[in-house]
Amino acid sequence: MKHTLLLILLVCSTHAFAQNDPYLGIIPAPVSVTKNVGEFKFNPETIILVDTPDNRAVRYFNDYLKKSGYVNTVVDINRVDRKNYSLKNTITLSLNFKGDLPAEGYKLQINGQQVILEGRGAGLFYGIQTLIQMIHGTSPGYANIPCAIIKDYPRFPYRGMHLDVARHFFDVPFIKRYLDLMAAYKLNNFHWHLTDDQGWRIEIKKYPKLTEVGSNRAQTKIGRAAGVDSDLYDNTPYGGFYTQDQVQDIIHYAEDRYINIVPEIEMPGHSLAAITAYPELSCDPSKAYKVRETWGVSDDVLCPTEETFKMIDDILREVMELFPGKYIHIGGDECPKIAWKKSDFCRRLISDQNLNDENGLQSYFIGRIEKFVNSQGRQIIGWDEILEGGLAPNATVMSWRGEGGGIAAAQLGHDVIMTPGSGGLYFDHAQSKSPQEPLTIGGNAPLAKTYAYDPVPAALTSEQQKHIIGVQANVWTEYMTTPSKVEYMILPRMFALSEVAWTPKGNKDYKNFSQQRVTKHLAKLDAEGYDYRVPIAYGSDDTTISGDKINVVLSPPVDGAKIYYTIDGYNPRETDLEYKTPLLFTPPEHKSIHLKTISITPSGKRSIVSDIKMGN
Ligand code: TNX
């Protein structure tokens, strides 16, 4: 007996995971994890028992097994005599569970004999994501899964990632890769920003010029728009759009991953691509328009004429035929009123409709669109500017300029999705203040800031707090030209978002998240060929340490990464000293030494260089 116990302990202690990580490496951290001794040995004889073989979650698991080189037999429990199956060495995936599970919840039980996963609706899919994170391959076809009981469900029903495909266009395979990442981290709403001043990216059959003309710009600004870097343009045409067939393909791909797509058609601002294609949408059709070649906000906006409304209704009708989800995002942000102020038509409309001013006109605009969208059985989402001049009756508000808009909307009884840039949810902001970061729009949203964000403002009563239906990170792509750059900007911050959106507040623990779990997930991404920002080594945050004996303890930001350092003032590289054990420095009196480090991952990705000033 003693020997068996010793053996089990030995098996466990050789395992890299488990031990002192209460969440077993899982991101987002589950609601409850009870760790038990031992492991389930997954091998080619393990039978997968399922009660809903056509379920999307079951199909996803089968695909995962095949892709990962596992050859297990899947058995439909309904079609066989259960008596013939011992439960030994089985993994059961079930939607027919006894007892209670919250919406999207699952229960996962792993012991030495069997694995039982029960889920409610999407919960089975999320349980499979957790299970996949726990399968630690040992040799082809074989893996260990640590024994545990996990009960889990999300904190918020809306867990979103946004992607701007207007400023830069990303093709279908990349969108699928993006959805794969979202699914693995239990995010369930993809906000697809399809139109903007710089490009119209979705085929609309009734108005072919939207893509023929509106999806192309003649050239693109080089460097930062505000003119800090240059006033140069690249003199190279840029374009791209999705056909309706491609859109449908992506919708199905997302559905298979329990992801809803929220399409965004921007109005009345951010519409210059549409206006270039159809100048009659503007208040001055005689003007020459061109699809915008730089970033920022255009003064040319849609004119609230009957012709415009008719065209938008037609466009939205096609959009709603494609997208089955409840929400249609109609933009509503950053609509300068200059063109409306100049227009006799708008002045007359303001007076005919008894509106106060141009803000009232913006409300009138959004209100009309909402009426149409509601008449088709759908709901609108708008950016928080839709509050100005009065909120459309059934609108959901996305609060991006801080939380103020979200708070005001929740107080008015409207649903709110929190996406404040000030909360670290703008993934176009830089990931540190270092000048070594690549070109971004600016701002600073390090991983810790995103992680610390709490979408529920204390200013709301508990009744009002119920209107905070979720949280989302936005990925504006002015300065993201390539898929790799998008991956670099969202990872690892998307891990933090997933924990903000899913994990109960009380379970959040940044040190455990960043140093015990992110390190493992980044190692996985590293092996799978994703791009991501390599954090600096833990313990090397830019800082000043004083004292005459300084002990520096570092740990790698990615499992398997190596840390190199210098004290000669130069930037370290792989030809320098490698950090292996804690370092002791004794800086000369009244002088300081700079310890610089770089972390390099197994695939060769490099962190920025950190700098610690040590002195006495
Ligand atoms: C504001 S957030 C915008 C976008 C820009 C973004 C850059 C929002 C509703 N509008 O048009 O791309 O800032 O961070």
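Residues numbered from 1 in each chain as written. Predicted model: local features only at pLDDT ≥ 70, side-chain atom pairs only at ≥ 80, totals over all residues. Heavy atoms only, no water.

As for the sheet that holds strand β17 (residues 379–383)
Strands sit in the order β9-β10-β15-β16-β17-β18-β19-β20 around a closed barrel of eight strands; the barrel is parallel. Going from strand to strand, the sheet's axes swing by 30° on average, the running direction of each strand aside. The pairing of strand β10 (residues 189–193) with strand β15 (residues 260–267) spans five bridges and is parallel. By the bridge assignment, Trp192 is partnered in β15 with Pro263. (Pairing = 2+ DSSP bridges. Helix = DSSP H or I, 4+ residues; strand = E, 2+ residues; numbered from the N terminus. Axes fitted to C-alpha atoms, helices over the stretch in contact; angles between N-to-C directions.)

What about the domain arrangement of the protein?
Each assigned domain of the protein is listed here: domain 1 (32–152), domain 2 (158–508) and domain 3 (544–615). Measuring from the centre of the C-alpha atoms in domain 1 to the corresponding centre in domain 2 gives 38 Å. Counting residues at the interface gives 15 residues for domain 1 and 11 residues for domain 2. Of all residues in domain 1, the largest losses of buried area upon contact with domain 2 belong to Arg56, Phe125 and Tyr126, amounting jointly to 43% of the total for that side. Between the two partners, domain 1 and domain 2, sit two salt bridges. Taking the shortest distance from any N to any O, the salt bridge between Arg159 and Glu104 comes out at 2.8 Å. Our enumeration of links across domain 1 and domain 2 arrives at seven residue pairs in polar contact (both at pLDDT 80 or more). When residues of the side of domain 1 that touches domain 2 are traced back to their parent elements, those giving at least two are α2 (56–67) and α3 (122–134). Sorting elements by how many residues they give to the side of domain 1 that touches domain 2 places α3 first, with six residues. For the side of domain 1 that touches domain 2, the residue count by class is six nonpolar, five polar and four charged. (Domains from an automatic or database assignment. Contact = heavy atoms within 4.5 Å. Buried area = accessible area lost by both parts, 1.4 Å probe. Salt bridge = Lys/Arg side-chain N within 4 Å of Asp/Glu carboxyl O. Polar contact = N/O pair within 3.5 Å; in protein donor to acceptor, adjacent residues only side chain to side chain. Nonpolar A, V, L, I, M, F, W, Y, C, P; charged D, E, K, R; others polar.)

Concerning the pairing of strand β2 (residues 47–50)
Residue alternation in β2 divides its side chains into two sets, Ile47 and Leu49 and Ile48 and Val50, and both sets are buried. Pairing of β2 with strand β4 (residues 90–94) involves four bridges; the strand directions are parallel. Bridge pairing in β4 places Leu49 opposite Thr92. Sheet topology note: the β2/strand β3 (residues 74–76) ladder contains three bridges and is parallel. Within β3, the position partnered with Leu49 by the bridge is Val75. As a crossover connection, the stretch from β2 through α2 into β3 is right-handed. (Buried < 20%, exposed > 50% of the residue type's maximum accessible area, 1.4 Å probe, protein only. Right-handed = clockwise from strand over helix to strand, strands pointing away.)

Comments concerning the state of the cysteines
Per the counting criterion, the structure on display carries one disulfide. A disulfide bridge connects Cys283 with Cys303, and the sulfur atoms are separated by 2.1 Å. The sign of the S-S torsion, about 90°, decides the handedness of the disulfide formed by Cys283 and Cys303: right-handed. Remark: Cys303 occurs in the loop between α7 (272–277) and α8 (306–322) and Cys283 occurs in the loop between α7 and α8; sequence separation between them is 20 residues. (Disulfide = S-S within 2.5 Å.)

Brief notes about the site of the ligand
In the neighbourhood of the ligand, the contacting residues comprise Arg167, His270, Asp333, Glu334, Trp383, Trp400, Tyr426, Asp428, Ile441, Trp476 and Glu478. Between the ligand and Arg167 there is a distance of 2.8 Å, counted from an oxygen atom to a side-chain nitrogen or oxygen. At a separation of 3.4 Å, a nitrogen atom of the ligand approaches a polar side-chain atom of Glu334. Protein chains shield 92% of the accessible area of the ligand, which is 360 Å² for the free molecule. Taken together, the residues of the shell around the ligand sort by class into five nonpolar, one polar and five charged. (Near = heavy atom within 4 Å. Areas by Shrake-Rupley, 256 points an atom, 1.4 Å probe, with all protein chains shown as cover.)

Topic: the sheet that holds strand β26 (residues 592–600)
Strand order in this open sheet of five strands is β21-β27-β26-β23-β24, and the pairing throughout is mixed. What marks the edges here is a single partner per strand, and that holds for β21 (543–546) and β24 (577–578). Taken together, the four bridges between β21 and strand β27 (residues 610–615) define a ladder with parallel strand orientation. Bridged to Thr543 within β27 is Ile612.

What about unusual backbone geometry?
The amide bond that connects Met267 to the next residue, Pro268, takes the cis arrangement and shows omega of -15°. Tracing the backbone through its elements, the reader meets Pro268 in the loop between β15 and α7. That bond from Leu491 to Pro492 is cis: its omega, 5°, falls within 30 degrees of zero. Examined against the element boundaries, Pro492 turns out to sit in the loop between α15 (483–490) and α16 (493–502).

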